[in-house]
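Here is how the chains run, residue by residue.
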Amino acid sequence: MWLKPEEVLLKNALKLWVTEKSNDYFVLQRRRGYGEDSGGLTGLLVGTLDTVLDSTAKVAPFRILHQTPDSQVYWSIACGASLEEISQHWDWLQQNIIRTLSVFDSGEDITSFVQGKIRGLIAEEGTSAGDEEDPERFREAVLRFECLFGLPQREKLVTYFSCSYWRGRVPNQGWIYLSTNFLCFYSYMLGNEVKLVFPWDEVSRLEHTSNVLLAESIRVRVRGEDHFFSMLLRLQQTYLIMQQLADYAIVRFFEKETFNTEHPLANPLHITQRALEIHARNQSFRAFFRLPQEENLCEVYESFLWLPFSHMNTLGKICVSENYLCFASQDGSQCHLIIPLWEVFSVELPDRSTRALTVCMRGKRALRLSEVRDLERLAATIRRKCGTAGSPHHSFSNQDEEGVMVGRSQAVSTEALMNVFHPHDAENLDPKMLKERMKEQSWQIHFAEYGRGTGMFCTKKTRDLIVRGVPENLRGELWLLFSGAVHDMASHPGYYGRLLEECMGSSSLACDEIERDLHRSLPEHPAFQSDTGISALRRVLTAYAHRNPKIGYCQAMNILTSVLLLYAKEEEAFWLLVAVCERMLPDYFNRRIIGALVDQAVFEELIRVHLTQLTEHMTDLSFFSSVSLSWFLTLFISVLPIESAVNVVDCFFYDGIKAILQLGLAVLYYNMDNLLCCHDDAEAVTVLNRFFDNVTNKDSPLPATVQQASANDKSMQKVDICNLIKEAYEKYGDIRTEEVETMRKRNKLYVIQTLEDTTKQNVLRVVAQDVKFSAAQLEELYMLFKRQHFVSCYWSVCNPALQNHDPSLPYLDQYQLGQSQFSSLFNLLQPWTTQTHTCTLARSAFRILDENGDGLVNFKEFISGLDILYNRSFTEKLKFLFKMHLQPGTQECKILKSSRFIPPAEDHSFSTRLSDTTEDGVIRRCPERGRAEVDLQEYLKRWQEDLQRREESIKDLPRINQI
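In this text the structure is predicted, and so the values were computed from the model without any measurement. (Residues numbered from 1 in each chain as written. Predicted model: local features only at pLDDT ≥ 70, side-chain atom pairs only at ≥ 80, totals over all residues. Heavy atoms only, no water.)

A. Geometry of the overall build of the protein. Scanning the protein for helices and strands turns up 37 helices and 26 strands. In the protein, which comprises 963 residues, the share counted as buried stands at 51%. Within the protein, counting contacts between residues at least 6 apart in sequence, those at least 24 apart form 64% of the total. (Helix = DSSP H or I, 4+ residues; strand = E, 2+ residues; numbered from the N terminus. Buried < 20%, exposed > 50% of the residue type's maximum accessible area, 1.4 Å probe, protein only. Contact = heavy atoms within 4.5 Å.)

This is how it looks when you write it as structure tokens:
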């Protein structure tokens, strides 16, 4: 086939190619080791090089090079798998190209003409010369992947790269293959073969590293062992793809309750390198601009934007999604803004010479873009989307409150509580109120210069105003804007009201938990000392639990929602809660609070980097992780007075989790000297608690009945929250959001694997008491069982094992196998060799081990069967084999079921059973178990029968049908 022309400096390097035909402009060559001299040492050497280089000669051992008489540079232009195939290309060149080349005077013109002609031939064949991925070559890689690693047939190869794998200080050159389930590597060097297969769900650390020996490499930790891959031509691209695949595997398996079946990558057969890149790009786009989950990045253009407030142009990128037009300056911090497309009513092209474009919006606003690449296309895209963008029923750009509230809802806002403290006569204002008015005036000036609501220019000046503290009467509006909740609310008019109607009067575990915590949410605040505030809080939390049953309700959500309700109406507070739980603090509010644990690990990393003195004093930083958990879960609301905590929430909605991390570092830095003097964790906790008790907000205009500042320790200096936040931004403001996200992804693998290791140790500790396998054997069997569970779940969304995978289940039931998955693993591990009855025996074993008849076998049940076959007496093995041959549904099988031993999981000790005895001597059992009340004597009699029935012998086994 014709190839995109590539430069070859030496036409016969290391004598690996033999020239078959040649003329003044072209050379036809054959790879050594193929054809006549395919055997011996030459074939071994060439095979090694072909594996290392992944040369097309491995499948296409013939090639044609282009040359000119006055040049030593050669260009590869064609390859073929056989002499006949390559000869057709050679003949075509002889008939159509040779004569034409003689008319050119210079070698450069000849080479340019040949390259253009070859690219034209490739285009005619329908193959894009600019494709990053050659379809033919990728198909060859898929064949090698399937042949080398023997993975399931449906396992999908995503991409592959040339690299070196380091064994100690020795590099093994080969190829890394990245599939949906596995990371694989293969190398063949002079007969020495290296083959690695690592499941993504066992990777606990994945990071981009560098050291003295390796300039740059990717470190992969699997089961506590580090593996290094380097010499990748596209190392950063490879690392990002590996990171995505590992994260995808984690979400798909370990966080099933939060996995969306409508996820763009839900179908593993649709996962490609391009799909991963698009998904990552959309995620970054939505996260940066805080847009709804439905938005996807459609087009990107580079251009200059005119900034009216500074009278200058700034370079950046225009990003167009389904419903929004966004701009971000080149550094991302200088300026960014978001324009809903339903606000745009015209697009003009005033000056084509400067490639300028003007976007006119409602409210007599306009954006001027210049030096736009592909100007006509951008203008056409905006015009087309202006007519299709879904215009909401309400526009919130000017904070229009009409129709926002649900009919019966009432605002529970601090502004309402403060109305009596806003006299119009400035002379009567106390200093706090005067300073509050000055803040309001600063924001009004900012709105006049930079715009207000959606479409406002967000700049460094905006952040400076946020750090100084947001005025009370603007807090709700700005929280909605900076969190992106305003976009969710605009895209879903009436959604909150419909949710309330659906969940009204419903009863669930989440509702019970909400009811229990309602009066624990800011109990000292006047707003929640009446039914008005409590009812609003109940409605918001219940509506969210109904919207997202995978999360439902978790502790700390009540505290956060209480604060949101102080500054926003019910519907606004609901959408703010959605923004926090689903975008800004992902995976925080679930059973295992994985998101908070990940950010704790990030916090530890930042402490090591920025507070080295503290790190040297406290080698174990887990203390800071435990003490900071409430900081992350409640955004410091649980440790700071409400008048100070709201300033922290201001920064969080503008800068995300980065603001919380910065403030955490500033708190530790402020208390550095006292922490260095602590001898144990208890002293350190006391130091931090005393510090938080003395944090105040001296400029807060809230009345005394609302403020929550406790009695301050006079021996300690008071700390103003505004100064603390300002110091946090000055000292640690250089921490970038992108850096935090990278650290999050890196630590998520570690956190998940740590939780999984804990689960594994708990399971093995329980199982080891009843079987004779060694600890190492049990661990190996557990990993095989778990891998079989994951692989089976991966290919079938409706798999019963996947449906029953729930982190809230007991340890032993975390991973279970259905019959087909059990059969595959049982046939692999069974001690006998049989060909004809393998499936039948596996089905029978599954029936015996499935004690509760739910169609699933957990690890303890599985290992008990293997223990009989490998470690028990000959008689017990024979009995088990005999039971396997009883036909299901027969009378003999029913007799056996009634006399079968009680598994340890259901065996309760005598003392445990007596614990259910009431004063009248009658055992009353839990009604949900479906067991009736029984007399104690009758119960003891049955228990004795159970003990006798357990001691079965061969004589007790039913007769088998000999046929």
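B. Representation of the environment of lysine 432 within the structure. Take lysine 432: it is sitting in helix H10 (residues 431-450). On the accessibility criterion, lysine 432 (33% relative accessible area) is partly exposed. Expressed as a C-alpha distance, the spacing of lysine 432 and leucine 702, which sit 270 residues apart in the sequence, is 9.1 Å. Apart from the residues lying within four places of it in its own chain, the contact partners of lysine 432 are Lys698, Asp699, Ser700 and Gln707.

C. Inspection of the nonpolar core at higher detail. Ranked by size, the top nonpolar core spans 145 residues in total, and within it Leu357, Ile382, Met557, Phe574, Phe589 and Leu668 carry the most contacts. In terms of residue count, the dominant contributor to this core is helix H18 (residues 570-584) (10 residues). For leucine 668, the residues in contact, after removing those within four places along its chain, are Phe603, Ile607, Leu611, Leu614, Phe624, Trp631, Leu675 and Leu688. Counting 38 residues, the second-largest nonpolar core is a separate cluster that includes Ala249, Leu265, Leu276 and Ala601. (Core = buried A, V, L, I, M, F, W, Y, C linked by side-chain atoms within 4.5 Å.)

D. Expanded view of the pattern of salt bridges. Within this structure, the stated rule accounts for 37 salt bridges. Where glutamate 477 meets arginine 452, a salt bridge forms, and the shortest distance between an N and an O atom there is 2.8 Å. Of the two residues, glutamate 477 sits in helix H12 (residues 475-483) while arginine 452 sits in the loop between H10 and strand S20 (458-459), which places them 25 residues apart along the sequence. Exposure remark for glutamate 477: the relative accessible area of 10% places this residue in the buried category. Note on arginine 452: relative accessible area 28%, which makes it partly exposed. Among the ionic pairs, lysine 748 bridges to aspartate 587, the shortest N-O distance being 3.4 Å. (Salt bridge = Lys/Arg side-chain N within 4 Å of Asp/Glu carboxyl O.)

E. Layout of the packing of H10 against helix H11 (residues 460-468). Where H10 contacts H11, the two axes come as close as 11 Å, and the packing angle between them is 165 degrees. One finds that H10 runs roughly antiparallel with respect to H11. As H10 packs across H11, the resulting crossing turns out to be left-handed. Facing Lys439, Ser442, Trp443, His446, Glu449 and Tyr450 of H10, the residues of H11 in contact are Lys461, Thr462, Leu465, Ile466 and Arg468. A per-class count over the contact of H10 with H11 returns four nonpolar, three polar and four charged. (Axes fitted to C-alpha atoms, helices over the stretch in contact; angles between N-to-C directions. Parallel < 35°, antiparallel > 145°, perpendicular 65-115°, else oblique. Left-handed = near helix turned anticlockwise from the far one by under 90°. Nonpolar A, V, L, I, M, F, W, Y, C, P; charged D, E, K, R; others polar.)

F. Structural context of the sheet that holds strand S2 (residues 17-22). Pairing within the open sheet is antiparallel, and its five strands lie in the order S1-S5-S4-S3-S2. Lying at the two open borders of the sheet, with one neighbouring strand each, are strand S1 (2-8) and S2. Going across the sheet, the axis of each strand differs from the next one's by a mean of 30 degrees, ignoring polarity. (Pairing = 2+ DSSP bridges.)

G. Representation of a negative patch on the surface within the structure. Taken together, Asp70, Asp105, Glu108 and Asp109 make up a surface patch of like negative charges. Of note, aspartate 105 is situated in the loop between helix H3 (98-101) and helix H4 (107-124). (Patch = residues over 30% accessible without salt bridge, like charges linked within 9 Å, V, L, I, M, F, W, Y side chains within 5 Å. Areas by Shrake-Rupley, 256 points an atom, 1.4 Å probe, with all protein chains shown as cover. Lys, Arg positive; Asp, Glu negative; His and termini not counted. Charge placed at Lys NZ, Arg CZ, Asp CG, Glu CD.)

H. Just helix H15 (residues 509-517), in detail. Among all positions in H15, only Ala510, Cys511, Ile514 and Asp517 are buried. Seen along its axis, H15 keeps its buried residues to an arc of 135 degrees; they face one direction. In the core, the buried residues of H15 are packed alongside helix H16 (531-547) and helix H17 (557-567). (Arc of directions from axis to C-beta.)

I. Broad picture of the side chain of arginine 475. Within the secondary structure layout, arginine 475 lies in helix H12. There is a polar contact of 2.9 Å between the side chain of arginine 475 and the side chain of glutamate 472. For arginine 475, the contacting residues outside a window of four places in its chain are Val470, Tyr567, Val646, Asn647 and Asp650. (Polar contact = N/O pair within 3.5 Å; in protein donor to acceptor, adjacent residues only side chain to side chain.)

J. Here's a closer look at the sheet that holds strand S14 (residues 312-320). With respect to topology, eight strands assemble into an open sheet ordered S17-S18-S19-S13-S14-S15-S16-S20, the strand pairing being antiparallel. In this open sheet, the two edge strands, each paired with only one partner strand, are strand S17 (344-348) and S20. Direction of pairing for strand S13 (residues 299-307) relative to strand S19 (residues 365-370): antiparallel, over a ladder of two bridges. Along S19, the bridge assignment pairs leucine 305 with leucine 369.

K. Representation of the packing of aromatic side chains in the model. Across all of its chains, the model carries 40 aromatic pairs by this definition. Here tyrosine 165 and phenylalanine 185 contribute two aromatic rings whose centre-to-centre distance is 5.5 Å and whose plane-to-plane angle is 45 degrees, an arrangement assigned as tilted. Of this pair, tyrosine 165 sits in strand S6 (residues 157-167) while phenylalanine 185 sits in strand S8 (residues 182-189); the two residues are 20 residues apart in sequence, bridging distant segments of the chain. Ring plane angle 75 degrees and centroid distance 5.1 Å describe the contact between phenylalanine 574 and tryptophan 575, whose orientation is recorded as edge-to-face. Judged by its relative accessible area of 1%, tryptophan 575 is buried. (Phe/Tyr/Trp six-rings, centres within 6.5 Å; stacked < 30°, edge-to-face > 60°.)

L. Geometry of the environment of isoleucine 607. Its location among the elements puts isoleucine 607 in helix H19 (residues 594-610). Given a relative accessible area of 0%, isoleucine 607 falls into the buried group. Spatially, the C-alpha atoms of isoleucine 607 and leucine 661 are 9.8 Å apart, while their sequence positions differ by 54 residues.

M. Fine view of the pairing of S6. In terms of residue burial, S6 counts as a mostly covered element, since nine of its 11 residues are buried. Relative to strand S7 (residues 170-179), S6 is paired through 10 bridges, and the arrangement is antiparallel. Looking at S7, one finds that phenylalanine 161 is bridged to isoleucine 176. Hairpin geometry of S6 and S7 is characterised by an intervening segment of two residues between the two adjacent antiparallel strands and by a positive phi of about 70 degrees at glycine 168. For S6 and strand S12 (residues 225-230), the ladder comprises three bridges, and the chain directions are antiparallel.

N. Summary view of unusual backbone geometry. The backbone of leucine 522 shows a phi angle near 45 degrees, a positive value even though the residue is not glycine. Backbone geometry at aspartate 587 places phi at a positive 65 degrees, although glycine is not the residue there. Its place among the elements puts aspartate 587 in the loop between H18 and H19.

O. Fine view of the confidence of the model for the protein. For the protein, per-residue confidence averages 79 on the pLDDT scale, and residues scoring 70 or more make up 78% of the total. Within the model, pLDDT remains below 50 along residues 55-59, and this stretch shows 12 contacts once partners closer than five positions in the same chain are excluded. Confidence drops under pLDDT 50 across residues 126-132; counting only partners more than four residues distant or on other chains, this segment forms five contacts. (pLDDT = per-residue confidence, 0-100.)

P. Focus on the packing of H19 against helix H24 (residues 657-670). Two elements in contact, H19 and H24, have axes whose closest approach is 10 Å; the angle formed by their N-to-C orientations is 50 degrees. Classified by the interaxial angle, the pair formed by H19 and H24 is oblique. Regarding H19 and H24, the two cross each other, and that crossing is right-handed. Of the residues in H24, those in contact with Asp599, Val602, Phe603, Leu606, Ile607 and His610 of H19 are Ile657, Leu661, Gly664, Leu665 and Leu668. Of the residues that constitute the contact of H19 with H24, the class distribution is eight nonpolar, two polar and one charged.

Q. The arrangement of the environment of arginine 787 in detail. Looking at the secondary structure, you find arginine 787 in helix H29 (residues 775-795). Residue arginine 787 is classed as partly exposed on the basis of its relative accessible area of 26%. Expressed as a C-alpha distance, the spacing of arginine 787 and aspartate 201, which sit 586 residues apart in the sequence, is 8.4 Å. Excluding residues within four positions of it along the chain, arginine 787 makes contact with Pro199, Glu202 and Arg223.

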